Each structure stands twice: as structure tokens, then as C-alpha cells.
Amino acid sequence: MNLSYWEYKSWFSSVDFTIIGSGMVGLNCAMTLRRNHPKAKILVLEKGTLPQGASTKNAGFACFGSISEILSDLKHHTEEETVKLVQKRFDGIALLRKNLGDHNIDFRRHGGHELFLEKDNRLYKQSLYELDRVNRLLAPVFGSSPFEINENTFGFKNIQEKYITHVFEAQIDTGKMMTSLLRLAQKNDILILNSTEVKNFQDNGNDVIVRTDTTEFKTNHLFIATNGFASKLLDEPVKPARAQVLITKPIENLHIKGTFHLDEGYYYFRNIDNRILFGGGRNLDFQEEETTAFGQTDIIQNHLELVLKESILPSTNFEIDRRWSGIMGIGNQKKPILKQISERVFCGVRLGGMGIAIGSLVGKELAELA
Ligand SMILES: Cc1cc2nc3c(=O)[nH]c(=O)nc-3n(C[C@H](O)[C@H](O)[C@H](O)COP(=O)(O)OP(=O)(O)OC[C@H]3O[C@@H](n4cnc5c(N)ncnc54)[C@H](O)[C@@H]3O)c2cc1C
């Protein structure tokens, strides 16, 4: 299709900054560029009619790492590195709240509880044993000890007697966060083109040619924020990881409140609008879930329902309202890939399962690479 003179002039000529991907990272990158370049033409290209990766699909945990996750990190990193990782998540959540405001993301600090399965006695005992050490290590980040032990007050079944709670962990409304971000971007004169997939690009030194499924244009700088889809445009070690979720219909007198991590973080659930949102189970079929294709599988969805029935809501009737999936970007390291690819091309990808915590910061740092 040929663009009209007006279409070309208004959207695709003299573009200063182009961002691929309108997830948390892409939009935060665009907002930082706007703050630093008030007069620039900034264009965001998004393949979906809505953002279509992880940012509108996630569970909305504003988390810093459960106790078993921190202990696992300590096996592969020094204490100093582990503290730095947690500090980044802490700073990232502070930035998210500052940028959008608690009301606009429905930020609620109900605490995050790690539940240990009956079979995971060793991990449970080790986590209890290491609690004081980890608290001492992380207290400087939070201003006081983050972890405490709590009774099984919500009556979950098939788990160890107590939870280990992160008192600073919170939950947000993912939909409100993303609509607020999109509104802010539009208010700041950032052009967002949906249903536009970038096929490839070419850095010529003086500018970058961007080829989409409908057109081709030049931009001064290009930022790639495509997370789980990164390997389609970049030669970087990012693997897609599909994550499946379900949500119940509203449940009368639902007493469960907070965010919950189960089975070393492979499962997670929370309350929202008198419902339980429950996701996970990638470990049931890692190979099948290493895909950029959205979709649900019987093996995972059936298991989610089983765990919900037997362990989470053992004495409550519930119905499933909706099921969906999202695509994460993962790798053999937890750190995101934030780097210059060529003279005028930059990327911020591989956010793993921590995008709420670090997405705002990664977007900001991506913009600052140019
Ligand atoms: C089910 C699920 C639950 C999660 N739960 C949590 C949680 O509770 N807490 C937490 O911190 N994190 C969670 N995460 C992870 C978090 O959502 C991500 O880390 C974060 O959203 C990544 O943001 P992003 O902007 O990097 O990527 P994305 O949101 O995936 O954005 C990338 C965008 O790029 C677009 N795109 C890709 N290729 C192209 C192309 N060629 N042309 C144009 N556009 C393109 C995609 O359509 C997409 O919109 C979860 C993820 C999933 C899937």
C-alpha cells in the first residue's frame, strides 16, 4: 500500500526515535526520551492491536524475590551481587509508583507469601534456617527485615505448616498500569502505531532503515523492546517462555488476600476483584512452552485447576471465568540484556518474570543508552 503524502509527512518523515514494542519497557523508554528531548518525533511500533507480549498478560506481582529465590540466587551470585539485584527491583518499583502514582496502578501492599509443598521439606527447613541471615543481608535495602514467618491463616492444603512472608511485596492492577502508561504516552505526544510488525532493520551509520509489514522509513535511532520475541530481530540469547494463567469467577466472601508463590515459584496466585488469578506450570512441559505462540494446553490448564481445587480453595466452590497466556523473555541469566547493538540501534530485552519490578528502570536505562 502506498502512503499518502500526509501519512508519510505526519508519521514517517524526520523520525528522531523509533521504539519497537509497546510493553512496559518500550513505553517507559519513550517517556524518558520525551523528557530528555521535548521537541523530538517519537514513534512506537507495536505488532498487536493491544500490547501483545507480557505487559498486559501478567499477574501483577510487585515482588522482590521470595526467600527460596533469594537462596537460589545466593548459590550463583555473591552476597553483594544478590543485594544489588534486590536493590534494582526495589528502585524499579519505586520508579513505577513515582511515574504513575499508586492510585493509577491500584498498588496494594498485602505482603507476598511463599508456600512450600509437603514434599519440599528440605527447602522449607533450609529457608527457615537461613531466614535471619537473609534478613540481615537485605534489611539495608528495605529499612527493616523483609521476611517473617506466618501461620497458614488462609487454610491452604497440602503445604508445610507455615508461610514465609515478604512484608514489602505488593500487588498492582496490570490493566490499570498499562492503560495509565498508554494515556501518559499519548498525552506526551508519542505516536503509537498498533498492528504494525517490524520485519527487519538496517543501521547505515547516518540513520536506520526500518521495514515493517506495511511500509519502510528512516529513523535517527532505533530501540528494540520486544522481550520474548527478541530473537526474531536480534542475535541475542533470549528464549521465549509462554506462561499460562486462569482466573475464577467472583467468589462470595473470598478471604484470601495477597500474592502467593508455590513450588519454588513455578506457581503463583493472588486475589483480584473477589477472584483468584492463578498461573504457572511451565515446569510440566518446558519444551512445549518455549514458544512465541499464544495458547493454552490441557496438561497445564488441568493441573492449574487441580491445584486450585485441592490446595488453594479446598472447601470453596468456584468456576473458571477466563484463561490466557503471555510470552516472557528468559535466558540463562536473570539480568536483562541492555546494550548498544550498533551505532544507532539499542536493545532492552529479557525481562524474565520480574518486569513489574524492573520494567520502568530498564525502559529508562534503554533510552539513556543513546
Ligand atoms: C503470565 C505472565 C505472568 C507474569 N507475572 C508477572 C508478575 O506477577 N510480576 C512481574 O514482575 N512480572 C511478571 N511477568 C513478566 C512481565 O510481565 C514482563 O517481564 C514484562 O511485561 C516485560 O515487559 P516488556 O516491555 O519487556 O515486554 P512485553 O510486554 O512482552 O512487550 C514487548 C512488545 O513488543 C511487541 N513486539 C514484539 N515483536 C515485535 C515486532 N517485530 N514488531 C512490533 N512489535 C513487536 C510485542 O507485541 C509486545 O507488545 C509475567 C509474565 C507473564 C507472561
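The rules behind the values
Residues numbered from 1 in each chain as written. Predicted model: local features only at pLDDT ≥ 70, side-chain atom pairs only at ≥ 80, totals over all residues. Heavy atoms only, no water. Helix = DSSP H or I, 4+ residues; strand = E, 2+ residues; numbered from the N terminus. Buried < 20%, exposed > 50% of the residue type's maximum accessible area, 1.4 Å probe, protein only. Pairing = 2+ DSSP bridges. Axes fitted to C-alpha atoms, helices over the stretch in contact; angles between N-to-C directions. Contact = heavy atoms within 4.5 Å. Phe/Tyr/Trp six-rings, centres within 6.5 Å; stacked < 30°, edge-to-face > 60°. Lys NZ or Arg CZ within 6 Å of the ring centre and 35° of its normal. Salt bridge = Lys/Arg side-chain N within 4 Å of Asp/Glu carboxyl O. Parallel < 35°, antiparallel > 145°, perpendicular 65-115°, else oblique. Left-handed = near helix turned anticlockwise from the far one by under 90°. Expected span 1.5 Å × (residues − 1).

Draft legend 1. Focus on the environment of Phe 286. Relative to the elements of secondary structure, Phe 286 occurs in helix H8 (residues 286–289). By relative accessible area, which is 40% here, Phe 286 ends up partly exposed. Sequence separation of Phe 286 and Ala 241 is 45 residues, and the distance between their C-alpha atoms is 8.2 Å.

Draft legend 2. The sheet that holds strand S14 (residues 267–272), seen in detail. Taken in spatial order, the 8 strands of this open sheet run S5-S6-S4-S13-S14-S15-S12-S16, and their pairing is mixed. Bordering the open sheet on either side are strand S5 (147–151) and strand S16 (320–330), each of which pairs with just one other strand. For this sheet, the mean angle separating the axes of adjacent strands, direction not counted, is 25 degrees. The sheet contacts of helix H9 (residues 298–312) involve strand S12 (239–248), strand S13 (259–262), S14, strand S15 (275–280) and S16, and relative to S12 the element is tilted by about 45 degrees.

Draft legend 3. Geometry of the packing of aromatic side chains. Per the counting criterion, the structure on display carries 21 aromatic pairs. Where Phe 154 meets Phe 260, the ring centres are 5.6 Å apart and the plane angle is 85 degrees; that geometry is what we call edge-to-face. Of this pair, Phe 154 sits in the loop between S5 and strand S6 (162–166) while Phe 260 sits in strand S13; the two residues are 106 residues apart in sequence, bridging distant segments of the chain. There is no split in this pair, since Phe 154 and Phe 260 are both buried. Taking 5.9 Å as the distance between ring centres and 65 degrees as the angle between the ring planes, the aromatic pair formed by Tyr 266 and Phe 286 counts as edge-to-face. Highlighted residues: Tyr 266 in the loop between S13 and S14 and Phe 286 in helix H8, separated in sequence by 20 residues. Taken together, Phe 154, Phe 156, Tyr 163, Phe 260, Tyr 267, Phe 269 and Phe 278 form an aromatic cluster joined through their ring pairs. Here the guanidinium or amino end of Lys 47 rests over the ring plane of Phe 229, the centre of that ring lying 4.0 Å away. Across the ring face of Phe 107, the terminal group of Arg 97 is positioned such that the distance to the ring centre comes to 3.9 Å.

Draft legend 4. Molecular detail of the pattern of salt bridges. Counted by the stated rule, this structure contains 19 salt bridges. The salt bridge partner of Arg 323 is Glu 305, with a shortest N-O separation of 2.7 Å. Placement of Arg 323 in strand S16 and of Glu 305 in helix H9 is noted, with a sequence separation of 18 residues between them. The class for Arg 323 is partly exposed, based on a relative accessible area of 34%. Linked through salt bridges whose partners overlap, the residues forming this network are Glu 69, Asp 73 and Lys 334.

Draft legend 5. Representation of the pairing of strand S17 (residues 337–342) within the structure. Alignment of S17 against strand S18 (residues 345–349), held across 5 bridges, turns out to be antiparallel. Bridging from a neighbouring strand, Ser 342 pairs with Val 345 of S18. Linking S17 back to S18 in an antiparallel pair, the connection comprises 2 residues.

Draft legend 6. Summary view of the packing of helix H2 (residues 24–36) against helix H7 (residues 174–187). Remark: H2 packs on H7, axes separated minimally by 10 Å, with the N-to-C direction vectors making an angle of 30 degrees. When the interaxial angle is binned, H2 and H7 end up roughly parallel. In the crossing of H2 with H7, the sense of the turn from one axis to the other is left-handed. Counting all contacts with H2, which are made through Met 24, Leu 27, Asn 28 and Met 31, the residues of H7 involved are Met 177, Met 178, Leu 181, Leu 182, Leu 184 and Ala 185.

Draft legend 7. Spotlight on the environment of Ser 342. Inspection of the secondary structure puts Ser 342 in strand S17. Looking at Ser 342, the relative accessible area reads 24%, which means it is partly exposed. Each C-alpha atom, one on Ser 342 and one on Gly 53, is 25 Å from the other, the two residues being 289 residues apart in sequence.

Draft legend 8. Representation of helix H10 (residues 355–367) within the structure. Helix length check: H10, at 13 residues, gives a terminal C-alpha distance of 17 Å against a target of 18 Å (1.5 Å per residue), a fit within 8%. For H10, the tally of buried residues reaches 11 of 13 residues, placing the bulk of the element in the interior. Taken residue by residue, H10 has Gly 355, Ile 356, Ala 357, Ile 358, Gly 359, Ser 360, Leu 361, Val 362, Gly 363, Leu 366 and Ala 367 as its buried positions.

Draft legend 9. How the structure looks around the environment of Leu 71. Topologically, Leu 71 is positioned in helix H3 (residues 67–76). By relative accessible area, Leu 71 is classed as buried at 5%. Each C-alpha atom of the pair Leu 71 and Thr 82 lies 9.3 Å from the other, and the pair is 11 residues apart in sequence.

Geometric descriptors of this kind do not, in isolation, establish any biological role.
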